[in-house]
Amino acid sequence: MNTSPIPAPAGEPSGRAAVAALDVGGTKIAAGLVTADGVLLHRRELPTATAAEGGLRDPGLAGTARAARALLDDAARLGVTVTALGAGFPEYVDADGMLTSREVLAWDVQPAAVLAVEAAPGLPVAVGSDVRCGALGEARHGVGRGLPDFFYVSLGTGLSSTLVLDGRPVAGRRGEAIALGEWEVPASVDPDWRGNLEQYCSGRGIGARRTACGGSPVPGAREVTALARSGDPAAARVLTTAGQALGTVLGQLVRVLDPSAIVLGGGLGTGDGPLHTALREAYAHTTRTRPAPPPIHRAALGPDAGLIGAAALPALSGLTAALS
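Keep in mind that this is a model prediction, so the values were computed, not measured.

A. View of the environment of glycine 220. Summarising the element assignment, glycine 220 is placed in the loop between α5 (203-212) and α6 (221-229). For glycine 220, a relative accessible area of 11% translates into the label buried. Along the primary structure glycine 220 and glycine 271 are separated by 51 residues, whereas in three dimensions their C-alpha atoms are 14 Å apart. For glycine 220, the residues in contact, after removing those within four places along its chain, are Gly203 and Gly207.

Pasting the structure below:
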């Protein structure tokens, strides 16, 4: 994986102000410098390390702190003035920016404290849920701009979601209104499945399901997609049923939430292939009795949605007016 800076097509960054943004994931940590109008001036990424025990990622958030320090060094080299730091994490995050789960990351100190002490002393630091950051990016600068509301789905290594109303993701009372992955797999798709929806149709889940079919271990959806394109029937079946399951669930959720649109984000969600074809067909079938069902849009900001949304966190938290 690329650990060096990745150029962003934003013109000459020197002399500009920006928020340092982090999008911490189970596979990689992306870092970027984002202006008030959502322009990504510069980005870099590094792989997320795995803890020695338990399979959790980024032990002690050391990789997160390292990414932040490298980004601030980049800013100094580029002549960019950093006004604050915003970071999205793949955990439950409450209204105070505190992580309340330990499902992906091997953290023992809250990230705001780690970043304030080890990476960005003196800078305002705001922390949020990664899926809400992605939705916020799309609401302000992507396909959700101008929509009164939408339901955002992040499909990547994992699976999560958030409802966006009036440009802001709905966090819920405890910050836990993101757990689409905990939904059951519809029996109409797979009556024998005993796991949850994330285990069935996320990138990690797709890899595990194809591995269970036999042969060499398959790490994720990218490899399963390659197998399907080479004619592997088991891989094609795993992808198709994953799309059918998610499309059916989204159709059911439309009946409950009645959103203006569904926005598909995440590395896998913004891709294309048999999963996406099956998803749209299942969604159309599930919503067939509804006049003009909400359209499904692909996230416009692609893999940078989380970074651009994370950059808005300090202003939303009242820490800075930089992005107001």
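Okay, back to it.
B. The arrangement of the layout of surface pockets in detail. The computed volume of the second largest pocket comes to approximately 500 Å³. Lining of the second largest pocket is provided by 25 residues; of these, Asp94, Ala95, Val127, Leu313 and Ser317 occupy positions nearest its centre. Of all the elements in the fold, those that place two or more residues in the lining of the second largest pocket are β6 (125-129), α3 (130-141), β9 (168-169) and α10 (313-316). At five residues, β6 tops the list of elements feeding residues into the lining of the second largest pocket. Of the residues contributing to the lining of the second largest pocket, the split by class is 13 nonpolar, six polar and six charged.

C. Fine view of the nonpolar core. In terms of nonpolar packing, the biggest core is built from 33 residues, with Leu22, Leu33, Leu85, Phe89 and Leu115 touching the most fellow members. Elements that contribute at least two residues to this core include exactly β2 (17-24), β3 (28-34), β4 (40-47), α1 (62-78), β5 (81-89), α2 (111-118) and β6. By residue number, the principal contributor to this core is α1, which donates seven residues. When residues no more than four places from it in sequence are discounted, the contact partners of leucine 22 are Ala30, Ala31, Thr64, Ala67, Ala68, Leu85, Gly86, Ala87, Gly88, Leu115, Leu307 and Ala310. Leu155, Ala228, Ala235 and Ile262 belong to the second largest nonpolar core, which has 32 residues in total.

D. Region of interest: the sheet that holds strand β10 (residues 262-265). The five strands lie next to each other as β9-β8-β7-β10-β11, forming an open sheet whose pairing is mixed. The open sheet is flanked by β9 and β11 (296-298), the only strands paired with a single partner. With two bridges connecting them, strand β8 (residues 159-165) and β9 associate as antiparallel partners. For leucine 165, the partnering residue across the bridge sits in β9 and is arginine 168. Across the sheet, α3 lies against β7 (149-155), β8, β9 and β10, angled at about 130° from β7, the strand it touches most.

Procedures and definitions
Residues numbered from 1 in each chain as written. Predicted model: local features only at pLDDT ≥ 70, side-chain atom pairs only at ≥ 80, totals over all residues. Heavy atoms only, no water. Helix = DSSP H or I, 4+ residues; strand = E, 2+ residues; numbered from the N terminus. Buried < 20%, exposed > 50% of the residue type's maximum accessible area, 1.4 Å probe, protein only. Contact = heavy atoms within 4.5 Å. 1 Å grid on protein atoms, 1.4 Å probe; cavity = no way out; pocket = protein on both sides within 12 Å on 5 of 7 lines; lining within 4 Å. Points joined across faces, edges and corners; volume = space filled by probe spheres on them. Nonpolar A, V, L, I, M, F, W, Y, C, P; charged D, E, K, R; others polar. Core = buried A, V, L, I, M, F, W, Y, C linked by side-chain atoms within 4.5 Å. Pairing = 2+ DSSP bridges. Axes fitted to C-alpha atoms, helices over the stretch in contact; angles between N-to-C directions.

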